[in-house]
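Spelled out, the chains give:
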Amino acid sequence: MRAVVVEAPGGPDVLTLAELPEPTPDVQQIVVAVEAAGVNPVDVGNRMDNSWAGLECPYVVGYEFAGTVADVNGCDTDLSVGDPVWGVLPARGTRWGAYAERVAVDVSHVAPRPTRLDAVSAAVLPLAGGTAIQTLRRLDLPAGAWLLVYGASGGVGHLLTQLAAARGINVVAVSGPAYRTGLLDLGARLWLDRAESPSPAAAVTERLGQPIDAAVDLVGGQLVDAQAYVRPGGQLATIVDLAGDFDVAIDRNLTIHGVLLAPDRQLLDDLSAAVEAGVRPIVRGSYPLAEASVAHERMEAGGVGGKLAIVTR
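Keep in mind that what you see is a predicted model, and the values were worked out from it rather than measured.

## Topic: the pairing of strand E5 (residues 84-88)
Then comes step 1: The buried count for E5 comes to four of five residues, which makes it a mostly enclosed element.
Then comes step 2: Where strand E4 (residues 64-71) and E5 come together, five bridges link them in antiparallel fashion. Of the residues in E5, the one forming a bridge with Phe 65 is Gly 87.
Then comes step 3: Looking at chain direction, E5 and strand E7 (residues 110-112) are connected through three bridges and run antiparallel. When the sheet's bridge partners are listed, Trp 86 is paired in E7 with Ala 111.

In structure tokens:
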């Protein structure tokens, strides 16, 4: 089968299209014929440095995918060969990822994909959408709460904005000005230009006349400032590395959540329900396997404003 292989970590040019043996599934795994795979910042990170995910060279990056069942491998499952599915692979230890024509995946990490989505739209949802769902689960905010989202236009951010708004949460979206209208259309209650103020958290609390209930950092380095503007007993969440002085968070009794996706079937089913309710990804481009390096270059350039995909056909 064809796959995009990393022989040694490095820049986008290390992504090389190669022939690999068909995957050999473990006892609890099935094989999926991949139609499309989502491209995420973590893919770029793993391509550059394989140590965080514990990957042995050579390896294939990519965590989220959509395709059809190629082999159920004798697993006890409601899935059959030929069924359209989507899924997500574990963040650590996944050596043979989704940038490939076939992938072996734990049967509990794959589910029927929503009929309302084509393969590309489905492929870009499990990791980003699942992360957004698990972030909101951890925050457990009631309707009417004010949530500040840094990086609201990104892959996770534009989905989190939709999911939070659907729960009646007041989202304050921080992004570049090109995404203002789009984020308001997705349900954000307020929008802030990330470059307009040195402290979006200060700006929104001044506008509201009250502290916010929670802040989510999807880009990195934002929570140190935000902590002073979250109400006492409020919450902070991040999906990126946490660094800096959080004495203010301690003094204000804030809860800090670090969120790393934990895939399971229920998460995919919850995401399917969100799709049925109207949640949709914004797909900004798709690339064949042979152009995976181009997709990574675009990701690293920033400002995607949605999701990118790799397609196998």
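## Let's talk about the nonpolar core
Then comes step 1: Grouped together as the largest cluster of nonpolar side chains are 85 residues, with contacts concentrated most on Ile 30, Phe 65, Trp 86, Tyr 99 and Leu 147.
Then comes step 2: Membership of the second largest hydrophobic core comes to 18 residues, among which are Leu 148, Val 204, Leu 223 and Phe 246.

## A word on helix H3 (residues 126-139)
Residues that lie three or four places apart on an α-helix share one face, since the helix turns once every 3.6 residues.
Then comes step 1: Helix length check: H3 (14 residues) gives 20 Å between terminal C-alpha atoms against 20 Å at 1.5 Å per residue, within 8%.
Then comes step 2: Most of H3 is tucked away, with twelve of its 14 residues classed as buried.
Then comes step 3: Following H3 by one or two positions, Asp 140 has its phi on the positive side, about 50°.

## As for the sheet that holds strand E11 (residues 212-217)
Each strand in a sheet pairs with another by means of backbone hydrogen bonds, the pair being arranged parallel or else antiparallel.
Then comes step 1: Pairing is parallel in the open sheet, where six strands are placed in the order E10-E9-E8-E11-E12-E13. Of all the strands in the sheet, just strand E10 (190-193) and strand E13 (255-258) have a single pairing partner and so form its edges. Adjacent strand axes in the sheet meet at a mean angle of 15°, parallel and antiparallel pairs treated alike.
Then comes step 2: Here four bridges tie strand E12 (residues 230-238) to E13, and the two strands are oriented parallel to one another. In the sheet register, Leu 236 faces E13, and the bridge partner there is Ile 256.
Then comes step 3: With respect to the sheet, H3 is in contact with strand E8 (146-150), E11, E12 and E13, its orientation differing from that of E12 by roughly 155°.

## With respect to the pairing of strand E1 (residues 2-6)
Consecutive side chains of a regular strand alternate in pointing toward one face of the sheet and then the other.
Then comes step 1: Burial analysis of E1 places four of its five residues in the buried class, which makes it a mostly covered element.
Then comes step 2: Examined bridge by bridge, E1 and strand E2 (residues 15-19) share five bridges and lie antiparallel to one another. Directly across from Val 6, in E2, lies its bridge partner Leu 15.

## A look at the pattern of salt bridges
One side chain can pair with another of opposite charge once the charged atoms of both are near each other.
Then comes step 1: Taken as a whole and judged by the stated rule, the model has eleven salt bridges.
Then comes step 2: Notably, a salt bridge pairs Arg 113 with Glu 35, separated by 3.3 Å at the nearest N-O pair. A residue pair is termed long-range when its members are at least 10 positions apart, and Arg 113 in the loop between E7 and helix H2 (119-123) and Glu 35 in strand E3 (residues 29-39) qualify at 78 residues.
Then comes step 3: The shortest N-O distance in the salt bridge between Arg 231 and Asp 213 comes to 2.7 Å. Within this pair, whereas Arg 231 is found in strand E12, its partner Asp 213 is found in strand E11, the two being separated by 18 residues in sequence.

## Quick look at unusual backbone geometry
Then comes step 1: The omega torsion across Cys 57 and Pro 58 is -10°, close enough to zero to call that bond cis.
Then comes step 2: Unusually for a residue other than glycine, Asn 73 sits at a positive phi of about 60°.
Then comes step 3: Within the secondary structure, Asn 73 is located in the loop between E4 and E5.
Then comes step 4: The backbone of Asp 140 sits at a positive phi, close to 50°, despite the residue not being glycine.

## Description of the side chain of Asn 40
Then comes step 1: In this structure, Asn 40 sits in the loop between E3 and helix H1 (41-48).
Then comes step 2: On the basis of relative accessible area, Asn 40 is assigned to the buried category, the value being 5%.
Then comes step 3: Looking at Asn 40, its side chain comes within polar contact range of the side chain of Glu 64, at 2.9 Å.
Then comes step 4: If we skip the residues at most four places from it in the chain, Asn 40 touches Glu 64, Leu 127, Met 299 and Lys 307.

Here is what the cut-offs are and how they apply
- Residues numbered from 1 in each chain as written.
- Predicted model: local features only at pLDDT ≥ 70, side-chain atom pairs only at ≥ 80, totals over all residues.
- Heavy atoms only, no water.
- Buried < 20%, exposed > 50% of the residue type's maximum accessible area, 1.4 Å probe, protein only.
- Helix = DSSP H or I, 4+ residues; strand = E, 2+ residues; numbered from the N terminus.
- Pairing = 2+ DSSP bridges.
- Core = buried A, V, L, I, M, F, W, Y, C linked by side-chain atoms within 4.5 Å.
- Expected span 1.5 Å × (residues − 1).
- Axes fitted to C-alpha atoms, helices over the stretch in contact; angles between N-to-C directions.
- Contact = heavy atoms within 4.5 Å.
- Salt bridge = Lys/Arg side-chain N within 4 Å of Asp/Glu carboxyl O.
- Polar contact = N/O pair within 3.5 Å; in protein donor to acceptor, adjacent residues only side chain to side chain.

None of the figures reported here should be taken as evidence of function without further support.
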